[in-house]
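Commentary on secondary and tertiary structure
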Amino acid sequence: MTTQSNHAIWLTMKSGALEIRPAPYTPPRGGEIVIRNKAVAINPADWMTISVGSVFFPWLKYPFILGSDVAGEVVEVGAGVTRFKAGDRVLGHALGSEKSRNNPAEGAFQTYTVISERMASPIPDSMAYERAAALPLGLSTAASALFQKDQLALQLPTSNARPTGKTVLIWGGSTSVGSNAIQLAAAAGYEVITTTSPKNFASAKALGAALVFDYQSPTTHADIVAAFCSRSIAGAFSIGVGSARCCLDIITECRGEKSLVMATPSVSFTGAPSGFRRAMWLTRIMTRMIVSTVSLLIRARLRGIRAKFVWGSSLAENELGQIIYENFLPRALASESYVAAPDPLLAGHGLAAIPTALQIQEHGVSAKKVVVTL
Ligand SMILES: NC(=O)c1ccc[n+]([C@@H]2O[C@H](COP(=O)([O-])OP(=O)(O)OC[C@H]3O[C@@H](n4cnc5c(N)ncnc54)[C@H](OP(=O)(O)O)[C@@H]3O)[C@@H](O)[C@H]2O)c1
């Protein structure tokens, strides 16, 4: 049993302040490991939990420790853990904010995080922690969307997948989720058509996309439909505000699987005002979200298209978590057939850099993962 001194950046109350304070060091239970974090990454869910946590994570008990992405060194393993030992270099998807956990000891933004063994992977010696930290939530969300039986249910990724002859549409290929989705779909034997800004065409192709289109071009819809003329669609994964509607319209005109998985709500939650204006802002934005989502789901149903949202941590509750983090990722990283993308954007060192890192991510990044080293 290790006794370590732990510190965390705590979200003190719902929509409250962030404060650096000591946190208990929590030893691992059976099937868990404790990681001494060397780098953590920021996701939209982190700043959204601060501004609108009451909507997406109503169950959280405060004070709480946010964060999903960690990379670091294993310091302790729980009963029954055989894949890891103290000193191993790993990445892990921290599940603290999940309804089934609701546990600050499993949040990323602290020195020591408890991680489920099945949501961790060893990383090669050559991979920097700040690169590895870019992967977990993006990877988990992409994998859940593409492979879960209740989502696109694609064939699983392997080290030598045979081409399926089918094409997946991934809208938002330069996002963190999209960068993983491109690589996973390609590793599962699918051709990938994706969208990014023109400056990110080359990086999307380097990750495995066959064709890349500018999502802001007035001809995007026609161009992608034309590309699908000679192809069979295996489904679409929409990432980015407004992307679900675009994908729905494209699927309608394509031959193949009439299936859409959505990562992003139909409205943007950036720039929440503080104080009493927040409640009014939230009511307005929630009304717009509900109306546009219901209208999209009705439209999908009328066109015979299955449309569903993905929950990025859902693979932790089924066999897919183990398939990705234990069977697929370690070998794919070791052989460099899978890379940690997007590239890290270092926002600083230490827990004190996390508020700035959250602001950078909320203001918007282009093909970058905001990372803080610890
Ligand atoms: N459902 C879940 O469980 C879950 C989990 C994780 C993330 N998400 C959601 O998934 C989305 C992506 O998250 P992330 O962390 O991967 O994002 P991110 O890396 O912060 O996304 C930044 C990228 O978004 C791209 N982008 C912005 N608007 C776009 C649009 N309309 N169409 C296509 N690309 C667009 C930009 O592309 P360019 O720079 O090329 O223009 C930029 O590279 C967010 O909405 C997030 O909330 C959902």
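Located above this text is the structure these notes cover.
First things first, this report covers the structure right here in the doc. This one's a predicted model, so the numbers in the text were calculated from it and none came from an experiment.

The buried fraction of strand 8 (residues 167–171) amounts to five of the five residues, a majority that puts the element mostly inside the structure. The alternating pattern of strand 8 places Thr-167, Leu-169 and Trp-171 and Val-168 and Ile-170 on opposite faces, both of which are buried. Pairing geometry for strand 8 and strand 9 (residues 191–196), over five bridges, is parallel. Among the inter-strand pairings, Ile-170 is bridged to a residue of strand 9, identified as Thr-194. In terms of handedness, the path from strand 8 via helix 4 (residues 176–187) over to strand 9 forms a crossover that is right-handed. As paired elements, strand 8 and strand 11 (residues 233–238) share five bridges and run parallel to each other. Note on strand 11: the bridge partner recorded for Val-168 is Gly-235.

Quick look at the layout of surface pockets now. Empty space within the second largest pocket amounts to approximately 300 Å³. Lining of the second largest pocket is provided by 15 residues; of these, Trp-47, Ile-50, Ser-51, Gln-359 and Glu-362 occupy positions nearest its centre. Of all the elements in the fold, those that place two or more residues in the lining of the second largest pocket are helix 1 (44–56) and helix 10 (354–363). Of all the elements, helix 10 adds the most residues to the lining of the second largest pocket, at five residues. For the lining of the second largest pocket, the per-class residue count stands at seven nonpolar, six polar and two charged.

Turning our eyes to something else, we now look at the environment of Gln-322. Among the secondary structure elements, Gln-322 is positioned in helix 9 (residues 319–334). Taking the C-alpha atoms as reference points, Gln-322 and Arg-118, separated by 204 residues in sequence, lie 5.3 Å from one another. Here Gln-322 is in contact with Arg-118 and Asn-327, once residues within four sequence places are set aside.

Conventions adopted
- Per chain, residue numbering runs from 1 following the sequence as it is written.
- At least 70 in pLDDT is required for a residue's local features to be given in this predicted model, at least 80 for side-chain atom pairs to be given and counted, and no such filter applies to totals for whole chains, interfaces and linings, which use all residues.
- In computing side-chain values, all of the structure's heavy atoms are included and hydrogens and water are not.
- Per-residue accessibility, obtained with a 1.4 Å probe over protein chains only, is compared with the maximum for each type, and a residue is labelled buried under 20%, exposed over 50%, and partly exposed between these values.
- Numbering of helices and strands runs from the N terminus; a helix is a DSSP stretch of H or I covering at least four residues, while a strand is a stretch of E covering at least two.
- If DSSP finds at least two bridges between two strands, the strands pair.
- A clockwise path from the first strand over the helix to the second, with the strands pointing away from the viewer, defines a right-handed crossover.
- Any residue with an atom within 4 Å of a point lines the site, the site being either a cavity, points on a 1 Å grid over the protein atoms alone where a 1.4 Å probe fits but cannot get out, or a pocket, an open set with protein on both sides within 12 Å along at least 5 of 7 lines.
- Grid points are joined across faces, edges and corners, and a volume is the space filled by probe spheres set on the points.
- When residues are grouped by polarity, Ala, Val, Leu, Ile, Met, Phe, Trp, Tyr, Cys and Pro land in nonpolar, Asp, Glu, Lys and Arg in charged, and all others, Gly among them, in polar.
- We call two residues in contact when some of their heavy atoms are within 4.5 Å.

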